[in-house]
Amino acid sequence: MAGFFFSLLNYKTEKYVIAENKKIGILFRVYQVAVLAYVIGWVFVMRKGYQEKEEAIQSSVITKLKGVALTNSSDSGPRLWGAEDYVIPPNGEQVFFVVTNFVETPNQRLGLCAEVRVIPVWIKTGVCVNSTGTCEIQGWCPVGKSHRPPEPLLSGAENFTIYIKNFIRFPKFEFSKSNVLETSNDSYLKGCTYEKVEDPYCPIFRLGDLVDWTGNDFQEMAVKGGSVAILIEWNCDLDRDSSHCNPEYSFTRLDSNINNSITSGYNFRYARYYKDATGEDFRTLYKVYGIRFDIMINGRAGRFNIIPTVIAVGSGFALLGAGAFACDMILLYMMNTSSFYRERKFEIINFK
Amino acid sequence: MAGFFFSLLNYKTEKYVIAENKKIGILFRVYQVAVLAYVIGWVFVMRKGYQEKEEAIQSSVITKLKGVALTNSSDSGPRLWGAEDYVIPPNGEQVFFVVTNFVETPNQRLGLCAEVRVIPVWIKTGVCVNSTGTCEIQGWCPVGKSHRPPEPLLSGAENFTIYIKNFIRFPKFEFSKSNVLETSNDSYLKGCTYEKVEDPYCPIFRLGDLVDWTGNDFQEMAVKGGSVAILIEWNCDLDRDSSHCNPEYSFTRLDSNINNSITSGYNFRYARYYKDATGEDFRTLYKVYGIRFDIMINGRAGRFNIIPTVIAVGSGFALLGAGAFACDMILLYMMNTSSFYRERKFEIINFK
Amino acid sequence: MAGFFFSLLNYKTEKYVIAENKKIGILFRVYQVAVLAYVIGWVFVMRKGYQEKEEAIQSSVITKLKGVALTNSSDSGPRLWGAEDYVIPPNGEQVFFVVTNFVETPNQRLGLCAEVRVIPVWIKTGVCVNSTGTCEIQGWCPVGKSHRPPEPLLSGAENFTIYIKNFIRFPKFEFSKSNVLETSNDSYLKGCTYEKVEDPYCPIFRLGDLVDWTGNDFQEMAVKGGSVAILIEWNCDLDRDSSHCNPEYSFTRLDSNINNSITSGYNFRYARYYKDATGEDFRTLYKVYGIRFDIMINGRAGRFNIIPTVIAVGSGFALLGAGAFACDMILLYMMNTSSFYRERKFEIINFK
């Protein structure tokens, strides 16, 4: 027993045979170098395989729009649009809508009115009263006309600005950061406008620019509306200083297949309700066209961790073994010296 | 030194001993086949272990409801509900609420009124004025009565339809797609309704069907309200053509533990404010019951990548080594021919 | 050929040489024990490396606030705030805003009015009419004054409560759970308040406590507003019973860099529109200050799976091979007995 434990302290190692075959030797060395290059070059340097990755980013977004627009349509008279009117909802959410065009139907009252042809069939709740094809419908009268102004009424929306505050957190690494740099002073934030090259960390965006960057024309999109994604990407190498962990912005139009009229454009209806002196309800119906902004946050962080390092190194080593196996197969079965090699590589233990 | 570099070109390989022991031999072959079957069958074919995975899906959802309902309660008279009224918020969000039942308290004015018993204690801000147990409260009078109509007032909500547009993106692979198929023409989208087997890619859903598919009855759920999740699942194998990357829909009720009255049902209050001719405020309070729809997007994409392939293959190889180790242990310590085998497997180098 | 298949049943195993060198022997044993300790202790026990992980948690959040506050400012007279007024939006969303302070500008009408100095330049749409520096602006008059009350008007908001219902799902494991425990009875949920130690599973939170736990003073934050994250973390070991999978709550202030006045505080404007007897529009503008709550869900689940287990074990084994390689290098090249060892370890096959 003592002998057994004593023998544990001996170092056991594989006995090797050296095959003085230059072809196989070179082949195997080339393979070893390739595996080494893959492990060091690709896995470690390029893909940072020694890092534990976190992709489940947490984020909180606050938005604030600034700018006013004056509209003066023949129907509804002059009207001033502030952020409290053109941003829906007004409370600074991650997904919000900016009105750029609208159709107003004022003073609707519940009652019976003649059907207007452009209205889809689902509003028809009344019965047809004559044979001319027009029917009476019960609903809010007069029925909203659907003639969209050919030019955006809020064409000035191009100059509105969005201030985006994005707070992110990688819960696995307990790392958090904001896109508003700590170093930014007030005056910088009051004056700057985001620009990919010159001002990449300014969190204030001009609406016209945003649409431009998606490859669209603002005034054109403003007529029927549209849907724009503002992508904020955080690629953070947490082995470096946190000041290198910065957001990158990109911009895409989401309703882009123009040839499909159902999916392009963006509009919805809402109503403001009033009561007259007799207590009867009436309302103004707005059909608003505009741009829906969807701020999408995406991130990846990595930090050195022993487990992925071991897995990367270990699987590389195992791969070397696979190469040795292939070289052995060649030597053992595919060369004319195979039987000679086989005799030397293998030593037969004959259990009698 | 030249000899050293020269020797680098020799192929060094382990010397093997062949143990002519059929039991161990078969055991080890069976193990090898099992490992191979695991690596090829399970890791590669079933789990696509050669793919890099992306689970951090980005998505944007736009919803649009259609349908009208006419209510005629004794309290509030006839009323027509359009999408601008029954969808809250009306701007096409991912999480939205559809009114199916409501209690209206019109013409509330600020003042003092006698406490109504059904109102929870937290509204009581006044003082008790008599010993009968009723107290005076300061607030909006008359206090809203809480008698929920036993039948849903908007029972027609069953036939409303939701159009869901879901745009997704896998940032790691720079792949994006929409649930509205490019091939779909306008007329298809105007006429179709989602159906699991016949119309699995139509993005238009009937409300009644949605609730049915969660295993609930629409009219029953419409009374007290409820919370329904529409799950959209994208399982994409990006080694195949993108036309194989399609959404799968499923439907669950989220407030399902019926026996717990606090967690089932869904309602909230909102108010519409008016001013009378004298400039005094009054309001109509609505307590709305209805179905909250929560569209939850979930996705996974995979694409061939060398790193996970190497890790899968490498760890399989390493596992073979573990089997050889186990077989060796048996031969070395657990058989009566062990000492004989030991002598042959090990060659002692005696450092004098 | 038969001989070949027969020979497949022989067990081939590496031939070892035993180097009776205690130093290297001990070194290698220590290394083996270290690798074993790492694999078992760190990878398996601490990091649960035998589990497949899921980080893409799906979640649905419903919130409901309770409490009333009475304000009595000199400008706007007495007013009662219920949840339908102070929660924006009122429909129980995951991100919501609670009014704690406000400035009301009643009876604004469209027209021309003299510029008020405190209003930022972007509202100035009119022209300057005199040389005193004041300009006329076209807009809603009177212009909203920006004097924020120095004390929060809704100081009672401290005692409001939030009921949070969070439903989560790990799609890969088809596991779902809610933060409202199944075992909780109605009376418990009606009476409890969350408290880290005593009531960690009660889903009802007092607003004042929430702000306290972020290290801030409620009354102070209520003046200018702020942004608070409620983090719900689900760390679930699905190899154990699901009753061990419970949420953990934590609380952070998101707009915390106090020295940067632009990023701290939270407010926005909204308006209520009215029509007078002549049909002319007028409105009441509210600038509301308050606390934005952002409920952020984060989760990780793990369940035993063969693939990560094999990868963890396999890479550990491969690491052992790396240690043997290092020991060999020492024996082969760095000791005075090296040439002796080399002769024994390697057997030269001389292909003539």
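Residues numbered from 1 in each chain as written. Chains lettered and ligands numbered in written order. Predicted model: local features only at pLDDT ≥ 70, side-chain atom pairs only at ≥ 80, totals over all residues. Heavy atoms only, no water.

*Asks:* Just to check I follow, could you spell out the environment of G299(C) for this structure?
*Replies:* With respect to the helices and strands, the residue G299(C) is situated in strand β16 (residues 281-304). The residues touching G299(C), leaving out its near neighbours within four places in the chain, are E54(C), E55(C), I57(C), F170(C) and W234(C). (Helix = DSSP H or I, 4+ residues; strand = E, 2+ residues; numbered from the N terminus. Contact = heavy atoms within 4.5 Å.)

*Asks:* What is the right way to read the sheet that holds strand β17 (residues 346-349) of chain A from this model?
*Replies:* Hydrogen bonds between backbone groups are what pair the strands of a sheet, and the pairing can be parallel or antiparallel. The strand order across the open sheet built from three strands is β17(A)-β2(B)-β1(C), with neighbouring strands paired in mixed fashion. The outermost strands of the open sheet, each flanked by one partner alone, are β17 of chain A together with β1 (11-14) of chain C. Each neighbouring strand pair of the sheet contributes to a mean axis angle of 30 degrees, computed without reference to strand direction. Direction of pairing for β17(A) relative to strand β2 (residues 16-19) of chain B: parallel, over a ladder of four bridges. Within β2(B), the residue paired with I348(A) across the bridge is I18(B). Sheet strands in contact with helix α8 (residues 338-345) of chain A are β17 of chain A together with β2 of chain B, and its direction is about 55 degrees off that of β17(A). Its contacts with the sheet put helix α8 (residues 338-345) of chain B on β17 of chain A, β2 of chain B together with β1 of chain C, and the angle it makes with β17(A) is roughly 160 degrees. (Pairing = 2+ DSSP bridges. Axes fitted to C-alpha atoms, helices over the stretch in contact; angles between N-to-C directions.)

*Asks:* Please clarify how the interface of chain A and chain C should be interpreted in this entry.
*Replies:* How large an interface is tends to be reported as the accessible area lost when its parts come together. With 72 residues of chain A in contact, the opposing surface of chain C contributes 77 residues. Taken over both partners, the interface formed by chain A and chain C buries close to 6800 Å², and the fraction arising from carbon and sulfur atoms is 60%. When the buried area of chain A at its contact with chain C is split by residue, Y11(A), K15(A) and E84(A) rank highest and sum to 12% of it. Here chain A is connected to chain C by four salt bridges. Linking chain A with chain C are 22 residue pairs in polar contact (both at pLDDT 80 or more). Among the elements that take part in the side of chain A that touches chain C, helix α7 (residues 306-333) of chain A stands out by supplying nine residues, more than any other. Looking at side-chain class alone, the side of chain A that touches chain C contains 34 nonpolar, 15 polar and 23 charged residues. Pairing of strand β1 (residues 11-14) of chain A with strand β2 (residues 16-19) of chain C involves four bridges; the strand directions are antiparallel. By the bridge assignment for β2(C), E14(A) is matched with Y16(C). (Buried area = accessible area lost by both parts, 1.4 Å probe. Salt bridge = Lys/Arg side-chain N within 4 Å of Asp/Glu carboxyl O. Polar contact = N/O pair within 3.5 Å; in protein donor to acceptor, adjacent residues only side chain to side chain. Nonpolar A, V, L, I, M, F, W, Y, C, P; charged D, E, K, R; others polar.)

*Asks:* Explanation requested: the UniProt feature "glycosylation site" (unreviewed entry) in chain A in the structure shown.
*Replies:* Here the UniProt-annotated "glycosylation site" (unreviewed entry) positions come out as N159(A). Looking at where N159(A) falls in the secondary structure, it is placed in the loop between β9 (136-141) and β10 (161-170). (UniProt positions renumbered as here; feature names shortened; annotations may be inferred.)

*Asks:* Can you walk me through the interface of chain B and chain A in this structure?
*Replies:* In this complex, chain B contributes 71 residues to the contact, which on the side of chain A involves 77 residues. Buried surface at the junction of chain B and chain A, summed over both partners, amounts to about 6800 Å²; 60% is from carbon and sulfur atoms. On the chain B side of the contact with chain A, Y11(B), K15(B) and E84(B) bury the most area, a combined 12% of that side's loss. The interface formed by chain B and chain A includes four salt bridges. With a closest N to O distance of 2.9 Å, R283(A) and E84(B) form a salt bridge. Across the chain B-chain A interface, the total number found is 21 residue pairs in polar contact (both at pLDDT 80 or more). A per-element tally of the side of chain B that touches chain A places helix α7 (residues 306-333) of chain B first, with eight residues. Classifying every residue of the side of chain B that touches chain A by side-chain character gives 33 nonpolar, 15 polar and 23 charged.

*Asks:* What exactly am I supposed to notice about the relation of the copies chain A and chain C here?
*Replies:* Here the second copy of the chain follows from the first by a rotation about an axis and a shift along it. In the superposition of chain A on chain C (RMSD 0.1 Å, axial shift 0.0 Å), the rotation amounts to 120 degrees. The two molecules are tied by a three-fold rotation axis, judged by turn and shift. Identified as the residue of chain A closest to the rotation axis by C-alpha distance is K15(A), at 3.1 Å. (Least-squares fit on C-alpha atoms with pLDDT ≥ 70 in both.)

*Asks:* How should the state of the cysteines be read in this particular structure?
*Replies:* Structurally, a disulfide amounts to a covalent bond that connects the sulfur atoms of two cysteines. All names here are of chain C. This model, assessed by the stated rule, comprises six disulfides over all chains. With its sulfur 1.9 Å from that of its partner, C192 forms a disulfide with C202. A torsion of 80 degrees about the S-S bond marks the disulfide between C192 and C202 as right-handed. With C192 in the loop between α4 (186-191) and β12 (204-206) and C202 in the loop between α4 and β12, this residue pair connects regions lying 10 residues apart in the sequence. Residue C192 is classed as buried on the basis of its relative accessible area of 8%. For C202, a relative accessible area of 0% gives the class buried. (Disulfide = S-S within 2.5 Å. Buried < 20%, exposed > 50% of the residue type's maximum accessible area, 1.4 Å probe, protein only.)

*Asks:* What is the right way to look at the UniProt feature "transmembrane region" (unreviewed entry) in chain A in this model?
*Replies:* Residues and elements named next belong to chain A. Sites flagged by UniProt as "transmembrane region" (unreviewed entry) map to residues 26-45 and 306-335. Taken end to end, residues 26-45 is 100% helix and 0% strand, and its two terminal C-alpha atoms sit 26 Å from one another. With 93% helix and 0% strand, the stretch residues 306-335 has end C-alpha atoms that lie 43 Å from each other.

*Asks:* Help me understand the pattern of salt bridges in this model?
*Replies:* Side-chain pairs of opposite charge can arise whenever the charged atoms involved come near each other. Residues and elements named next belong to chain B. Within this structure, the stated rule accounts for 45 salt bridges over all chains. Across the pair R109 and D276 runs a salt bridge whose closest N-O atoms are separated by 2.9 Å. Residue R109 is found in strand β8 (residues 95-114), and its partner D276 is found in the loop between β15 (267-275) and β16 (281-304); the two are separated by 167 residues along the sequence. A relative accessible area of 29% places R109 in the partly exposed class.

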